[in-house]
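Listed below, chain by chain, are the residues.
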Amino acid sequence: MDKVRKTEAEWKAQLTPMEFAVAREKGTERAFTGRYWDTFTPGIYRCVGCGTPLFASDTKFDAGCGWPSYFEPIDPARVREETDTTHGMVRTEVLCNICDAHLGHVFPDGPEPTGLRYCINSVSMKFEPQGEE
Ligand SMILES: [Zn+2]
């Protein structure tokens, strides 16, 4: 998979200010305010930066945390994990492996079969309902 690289000015032109703040500057949307935290219709969630399909509705679950949560990505090669030590915590950051967008964090307290909880900002993704192009 080829990497997508753009300048800061190009990202600013493409993304909304909120999308830019989260995806490019590692911000976090407030819990229960994002566009997809309570979306459970069938479909796929694409990266807001590059359009890569990252998560599917059939792996989404209600974690009660106010952010879209998934137990696994569509393809592990499409996401990258890095250790994040900001805010006095040690967490595992999840990024798009294609355009390096900040997506959220992954925690080891998810449901079976993976036991993982990918806690992802709505604003870092674009939902595509099943059956639409
Ligand atoms: Zn991306």
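As the structure is a computational prediction, the values presented were derived from the model and not from experiment. (Residues numbered from 1 in each chain as written. Predicted model: local features only at pLDDT ≥ 70, side-chain atom pairs only at ≥ 80, totals over all residues. Heavy atoms only, no water.)

Visitor: Would you mind going over the coordination of the zinc ion with me for this structure?
Guide: The expected angle between donors at a tetrahedral four-coordinate metal is 109.5 degrees. At an octahedral six-coordinate metal it is 90 or 180 degrees. Donor atoms from the polypeptide that bind the zinc ion are C47 (SG), C50 (SG), C96 (SG) and C99 (SG), placed at 2.2 to 2.4 Å. Taken together, the four donor atoms coordinating the zinc ion span angles of 102 to 115° at the metal, a pattern that classifies the geometry as tetrahedral. Along the chain, the residues donating to the zinc ion fall in the pattern C-x2-C-x45-C-x2-C. Of this pair, C50 sits in the loop between β1 (43–47) and β2 (53–56) while C96 sits in strand β6 (residues 91–96), and the two are 46 residues apart along the sequence. Residue classification places C96 among the buried residues on the basis of a relative accessible area of 0%. (Donors = N, O, S within 2.8 Å, 3.2 Å for Na, K, Ca; no water. Tetrahedral: all angles 85-135°; square planar, octahedral: opposite > 155°, others 65-115°. Helix = DSSP H or I, 4+ residues; strand = E, 2+ residues; numbered from the N terminus. Buried < 20%, exposed > 50% of the residue type's maximum accessible area, 1.4 Å probe, protein only.)

Visitor: In this structure, what is going on with the sheet that holds β2? I would like to understand it.
Guide: Sheet strands associate in pairs through backbone hydrogen bonding, adopting either a parallel or an antiparallel arrangement. The sheet built from three strands is open, its strands ordered β2-β1-β9 with antiparallel pairing. Both edges of this open sheet fall to β2 and β9 (125–129), since each of them pairs with a single strand only. The sheet shows a mean angle of 30° between the axes of neighbouring strands, direction not considered. (Pairing = 2+ DSSP bridges. Axes fitted to C-alpha atoms, helices over the stretch in contact; angles between N-to-C directions.)

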